[in-house]
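Listed here are the chains, written in short residue letters.
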Amino acid sequence: VTVAVEPPYDVVVGAGALGELSALVGDRRQVVVVSQRAVFDACRDKLVGFLGGSEARGGTHGVVFMGDGEQAKSFAAVELLCREFAREGLLRGDAIVALGGGVVGDTAGFAAAVYHRGVAVVQAPTTLLAMVDAAVGGKTAVNLPEGKNLVGSFHQPAAVVADTTTLDSLPEAEFRCGLGEVAKYALLPQGAEVAAILDTCRTAILARDAAALEQLVAACVAVKAEIVAADPQERTGARAALNYGHTLAHALETTSGHSLAHGEAVAIGLVFAAQLAHSLERVGADVVERTQAVIDGLGLPTTVPDDVTADSLLEVMRRDKKAKGGLTFVLPGPHGVESVDDPPIAAIDTALRAVGVAG
Ligand SMILES: NC(=O)c1ccc[n+]([C@@H]2O[C@H](COP(=O)([O-])OP(=O)(O)OC[C@H]3O[C@@H](n4cnc5c(N)ncnc54)[C@H](O)[C@@H]3O)[C@@H](O)[C@H]2O)c1
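Notes on the structure follow.

Scoring rules and cut-offs
Residues numbered from 1 in each chain as written. Predicted model: local features only at pLDDT ≥ 70, side-chain atom pairs only at ≥ 80, totals over all residues. Heavy atoms only, no water. Axes fitted to C-alpha atoms, helices over the stretch in contact; angles between N-to-C directions. Helix = DSSP H or I, 4+ residues; strand = E, 2+ residues; numbered from the N terminus. Parallel < 35°, antiparallel > 145°, perpendicular 65-115°, else oblique. Left-handed = near helix turned anticlockwise from the far one by under 90°. Contact = heavy atoms within 4.5 Å. Nonpolar A, V, L, I, M, F, W, Y, C, P; charged D, E, K, R; others polar. Salt bridge = Lys/Arg side-chain N within 4 Å of Asp/Glu carboxyl O. Buried < 20%, exposed > 50% of the residue type's maximum accessible area, 1.4 Å probe, protein only.

At a minimum axis distance of 9 Å, the contact between helix α8 (residues 192–206) and helix α9 (residues 210–230) shows a crossing angle of 155°. Taken together, the axes of α8 and α9 are roughly antiparallel relative to one another. Seen along the crossing, α8 lies across α9 with a hand that is left-handed. Contacts between α8 and α9 pair Glu 193, Val 194, Ile 197, Leu 198, Cys 201, Ala 204 and Ile 205 from the former with Ala 212, Leu 213, Gln 215, Leu 216, Ala 219, Cys 220 and Val 223 from the latter. For the contact of α8 with α9, the per-class residue count stands at 12 nonpolar, one polar and one charged.

The structure is reproduced here in structure tokens:
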């Protein structure tokens with residue numbers, strides 16, 4: 001899949017795609033791989049050609065490890081990575097490979113954006129979420145104690161390699177996280193192909209069949225590529241569609257103390273958004289039914305845990321950084337999926353009740 005930004009880049013998707021890494025870094029003298037120890041070990045045998053190949057070309061490769069989890073997506077990690085790059089003698093024309101999930105991709109991507117004022121990064125995502133979402137589109141960021149993704153930049157990768165065989169070792173909970181984003185793409189107007197693949201290959205996808213995952217990831221990436229190309233720097237509003245289901249999802253993650261996984265929260269957020277759009281007479285009841293069917297089919301939840309209250313969700317949503325003071329939702333409607341400001345509170349209440357929020 002080609003992402004048509006300036007300059008354009010390719011996303012290579014498939015079983016064994018990491019074998020393309022040497023060709024993608026081209027004749028760069030030096031490459032540093034940023035990863036996490038466990039991820040690198042799980043992928044090591046798929047990198048043999050690449051690691052050996054760089055020595056054969058007279059170049060060098062270093063491997064730098066970073067920590068795991070959101071707390072590892074920090075300024076401190078960026079400093080450590082940049083110092084490692086300097087010690088490795090990485091120059092402006094060299095490249096970084098980010099091998100891992102979104103935590104590695106976002107942190108290494110941001111380090112690549114600022115080291116020497118910008119060096120090339122090849123994103124090599126190893127989680128379903130990173131393959132269909134985080135690795136494509138050029139958003140990089142780290143967290144501050146004051147909030148998630150508060151410091152970052154747009155730094156489009158030189159290429160993306162999504163090797164679907166790396167997903168074999170991914171824990172089930174992480175796989176489900178990615179399925180939440182897959183559901184989002186299937187329900188976007190541009191996502192007909194994703195929906196068709198889910199209809200015909202759902203069992204194979206849930207069993208992580210490599211051929212089915214290859215089709216699915218490529219179709220999701222094609223949707224993301226189309227939206228990113230229309231709004232590379234998130235300026236026109238087109239990119240808002242990528243946040244479909246996410247306003248409530250972020251609030252659910254916060255109020256549940258992250259006991260709900262991101263993918264589960266997105267799944268519930270999608271049902272809520274469809275229901276809210278229906279309450280506002282933007283879409284028919286068929287959209288709500290279809291949303292529930294897609295999410296049920298992926299084995300994801302459509303209702304919230306018992307202890308979540310409307311007041312706590314509304315308070316967190318009002319603080320959402322995408323909100324402009326009031327409450328902003330990304331909703332389907334006659335003109336596609338778009339931002340809608342301050343819908344009537346009665347409609348929000350109805351939609352919250354539809355996903356099981358009491359009172
Ligand atoms: N830049 C963007 O556009 C964008 C979009 C969506 C999400 N994100 C960011 O992505 C992050 C979440 O990414 P994630 O869901 O990939 O989480 P993650 O990077 O934390 O990975 C999840 C876990 O799986 C492990 N793992 C990764 N690949 C593995 C493999 N192949 N086998 C076994 N274990 C493996 C990781 O070590 C980690 O413990 C968040 O920080 C989020 O903000 C960014």
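There's plenty left to go through after this.
Turning to the pattern of salt bridges, a few remarks are in order. Counted under the stated rule, the structure contains 12 salt bridges. Here Asp 41 and Arg 44 are joined by a salt bridge, their closest N and O atoms 3.2 Å apart. Residue Asp 41 is classed as partly exposed on the basis of its relative accessible area of 39%. Between Arg 282 and Glu 338 there is a salt bridge whose closest N-O contact spans 2.9 Å. Taken together, the residues span a long stretch of sequence, with Arg 282 in the loop between α11 (262–279) and α12 (285–297) and Glu 338 in strand β11 (residues 336–341) at a distance of 56 residues. With a relative accessible area of 27%, Glu 338 lands in the partly exposed category. One connected set of salt bridges, linked through shared partners, spans Asp 133, Glu 181, Lys 184 and Lys 224.

Function-wise, these values are silent; they only describe arrangement.
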